[in-house]
Amino acid sequence: MLRVTLFSAVLAAASATRLESLRLRGGQQKEKVCIIGSGNWGSAIAKIVGRNVLDRDQFEDEVTMWVFQENVDGKNLTDIINNEHENVKYLPGVKFTDNVVADPDLTNAVQGATLLIFVLPHQFLGRICPQMTGMAKGCRAVSLIKGIEFKDSKPILISDLLAAEMKKGPNAPDVDMSVLMGANVANEVAKGDFAEATVGCTDLAIGAKWVSVFNTPDFKVDPVMDVAGAELCGALKNVVALGAGFCDGLGFGGNTKAAIIRIGLKETAKFAKMFFSGVQDDTFMESCGLADLVTTCFGGRNRKCADIYAKMQKAGTPKAWDVIETEELNGQKLQGTGTAKDVMTCIKAAGKEKDFPLMCQIYRIAFEDAKCETIIQINN
Ligand SMILES: NC(=O)c1ccc[n+]([C@@H]2O[C@H](COP(=O)([O-])OP(=O)(O)OC[C@H]3O[C@@H](n4cnc5c(N)ncnc54)[C@H](O)[C@@H]3O)[C@@H](O)[C@H]2O)c1
């Protein structure tokens, strides 16, 4: 659970430059992009955004990228990025355009920006946001962060959390938040393999702005006016992927996995609608919905660990999730198990177990010693 209390007062006063740029928005004022985060996905996105702003008149040429400073072979990662135009640690072998400028100082990186892209693992947000006090005024923001928080048996969108925290502080305005979600494995996107993505936005004009930031012939971005629906797809897919992994581990074929994907998508939509207003059916047919779910149920760490969990259980030598995580993920974190627990808490608190047979059965298998074979004994 993100420590909401860690977020201190955010947004006090904007610089005169920022206010000026706000007044001129809609006229000739150019937008300036700042990317907050520089991991695998942040770097793939920096490659795309760096190229796009050079090609499109509405943007300033420079894109700043806040980088968590690390030492790589005796050198600062920011210096390597700025000299070699490559994030050798998180996306080796892929070059940025040289207008992408890495900065280890968040205040400097955000200075003068009007469009903020949040793309860091969400466990680090608690450290970042307090530093943003006074910096996001006049900005619009988009979250590329896949994950979800829970409080009082209810889900909280990361985008809502970011917006609420940036609104804190004296004279802090609302910061409009969109999300970018989709079937997007960073390394494939960075290579230029064709992919689609979905912008969930509050307003189509803002959605169009984000499309112009991200869209390329190889990365096709479509807007939907549904932030919650798009964002929840990105979070709940990891729970469904556990179900897909159980099927793989037991040796079930494609028909069974297709059934899990179909039911999982339906339950994801039901869950989103139960907790958020304005969620639209069409969202689940976009890249953020069906496509991301399919990708995650065929590849990815959650499917892989559930596959092993099922095999070990079937062999009579069950393995705990934390052991599988440590042995298989090389320091990365398994997300589906934690989300499965939180989702179950919400479903139980709402008394809706009958409406979510798949999510409930995945939970029972993962945490209550139910046999993996029971994944197909659901009354849908
Ligand atoms: N990687 C993908 O294929 C992919 C695709 C779509 C969405 N996403 C989502 O994008 C978000 C970012 O993922 P990613 O793959 O770019 O990140 P990543 O897993 O590569 O994370 C590493 C990032 O965390 C930073 N970091 C490490 N320690 C830190 C600390 N103590 N404080 C602050 N930052 C620290 C690193 O500098 C680096 O930028 C996630 O929510 C992820 O779910 C990832």
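Thresholds applied
- Residue positions are given per chain, counting from 1 as you read along its sequence in written order.
- The predicted nature of this model means local features are confined to residues of pLDDT at least 70 and side-chain atom pairs, given and counted, to a pLDDT of 80 or more, with totals for whole chains, interfaces and linings taken over all residues.
- To obtain the side-chain values, all non-hydrogen atoms of the structure were included, while hydrogens and water were left out.
- UniProt positions are given in the numbering used here, feature names are shortened, and annotations may be inferred rather than shown by experiment.
- Runs of E in the DSSP output that reach at least two residues are strands. Runs of H or I that reach at least four are helices, and both are numbered from the N terminus.
- The size measure is the radius of gyration over C-alpha atoms, and the globule rule it meets is 2.2 Å times the number of residues to the 0.38 power.
- For each residue, the accessible area found with a 1.4 Å probe, counting protein chains only, is set against the maximum for its type, and the residue is called buried under 20%, exposed over 50%, and partly exposed in between.
- A contact between two residues is defined here by any heavy atoms of the two lying within 4.5 Å.
- The convention is simple: Lys and Arg are positive, Asp and Glu are negative, and His and the chain ends are not counted.
- Lysine's charge is taken at NZ, arginine's at CZ, aspartate's at CG and glutamate's at CD.
- A cutoff of 4 Å decides nearness: a residue is near a molecule or strand if any of its heavy atoms lies inside that distance of it.
- As used in this structure description, the phrase polar contact means that two N or O atoms lie within 3.5 Å; if the pair is within protein, one of them must be able to donate a hydrogen and the other to accept it, and residues adjacent in sequence are counted only when both atoms belong to side chains.
- Three classes are used, and their members are as follows: Ala, Val, Leu, Ile, Met, Phe, Trp, Tyr, Cys and Pro are nonpolar, Asp, Glu, Lys and Arg are charged, and the others, Gly among them, are polar.
- For two strands to count as paired, DSSP must find a minimum of two bridges between them.
- Confidence of the predictor in every single residue is expressed as pLDDT, which spans 0 to 100.
- In this scheme Phe, Tyr and Trp rings, the latter by its six-membered ring, pair at centre separations within 6.5 Å, and the angle between planes marks the pair as stacked below 30 degrees, edge-to-face above 60, and tilted otherwise.

As annotated in an unreviewed UniProt entry, the protein chain carries the name Glycerol-3-phosphate dehydrogenase [NAD(+)] and comes from Phaeocystis antarctica. The UniProt entry for the protein chain carries the following text under Catalytic activity (unreviewed entry): "sn-glycerol 3-phosphate + NAD(+) = dihydroxyacetone phosphate + NADH + H(+)". Its UniProt record gives the protein chain a comment under Sequence similarities (unreviewed entry), which states: "Belongs to the NAD-dependent glycerol-3-phosphate dehydrogenase family."

Draft legend 1. Structural context of the overall build of the protein chain. What the protein chain contains, in helices and strands, is 15 helices and 12 strands. Relative to the compact-globule value of 21 Å for 380 residues, the protein chain shows a C-alpha radius of gyration of 21 Å, a close match. Principal-axis analysis of the C-alpha atoms gives the protein chain an extent of 65 × 45 × 40 Å. Counting the 380 residues in the protein chain, one finds 54% classified as buried. Considering only residue pairs separated by 6 or more positions, the protein chain has 73% of its internal contacts joining residues 24 or more positions apart. Taking the average location of the 42 positive side-chain charges in the protein chain and that of its 46 negative ones, the two points are 4 Å from each other.

Draft legend 2. Main features of the site of the ligand. Around the ligand sit 19 residues in total, of which Asn-40, Trp-41, Arg-127, Asn-184 and Ala-186 are the nearest. Note that an oxygen atom of the ligand is positioned 2.8 Å from one of the backbone N or O atoms of Ala-186. The biggest single contributor to the shell around the ligand is helix α2 (residues 40-55), with three residues. Looking at the shell around the ligand residue by residue, the class counts come to 11 nonpolar, five polar and three charged.

Draft legend 3. Broad picture of the pairing of strand β6 (residues 115-118). With burial as the criterion, each face of β6 is covered, one bearing Leu-115 and Ile-117 and the other bearing Leu-116 and Phe-118. Pairing of strand β1 (residues 31-36) with β6, which is carried by four bridges, proceeds in the parallel orientation. Paired with Cys-34 across the bridge in β6 is Leu-116. Both β6 and strand β7 (residues 140-143) contribute to a ladder of four bridges, which runs parallel. Note on β7: the bridge partner recorded for Leu-115 is Arg-140.

Draft legend 4. A look at the confidence of the model for the protein chain. With 92% of its residues at a pLDDT of 70 or more, the protein chain shows a mean pLDDT of 90. This stretch, residues 1-25, has a pLDDT under 50; its non-local contacts, to residues over four places away or in other chains, come to 81 contacts.

Draft legend 5. Representation of the packing of aromatic side chains. Counting across every chain of the model gives eight aromatic pairs. Measuring from ring centre to ring centre gives 6.0 Å for Trp-210 and Phe-214, while their planes differ by 20 degrees; the resulting arrangement is stacked. With Trp-210 and Phe-214 both in helix α8 (residues 204-214) and four residues apart, the pair spans about one turn of that helix. Each member of the pair, Trp-210 as well as Phe-214, is classed as buried. Both rings, one in Phe-246 and one in Trp-321, keep their centres 6.3 Å apart while their planes meet at 45 degrees; by these two values the pair is tilted. Pair noted here: Phe-246 is in helix α9 (residues 227-250) and Trp-321 is in helix α13 (residues 321-328), with a separation of 75 residues, a long-range link.

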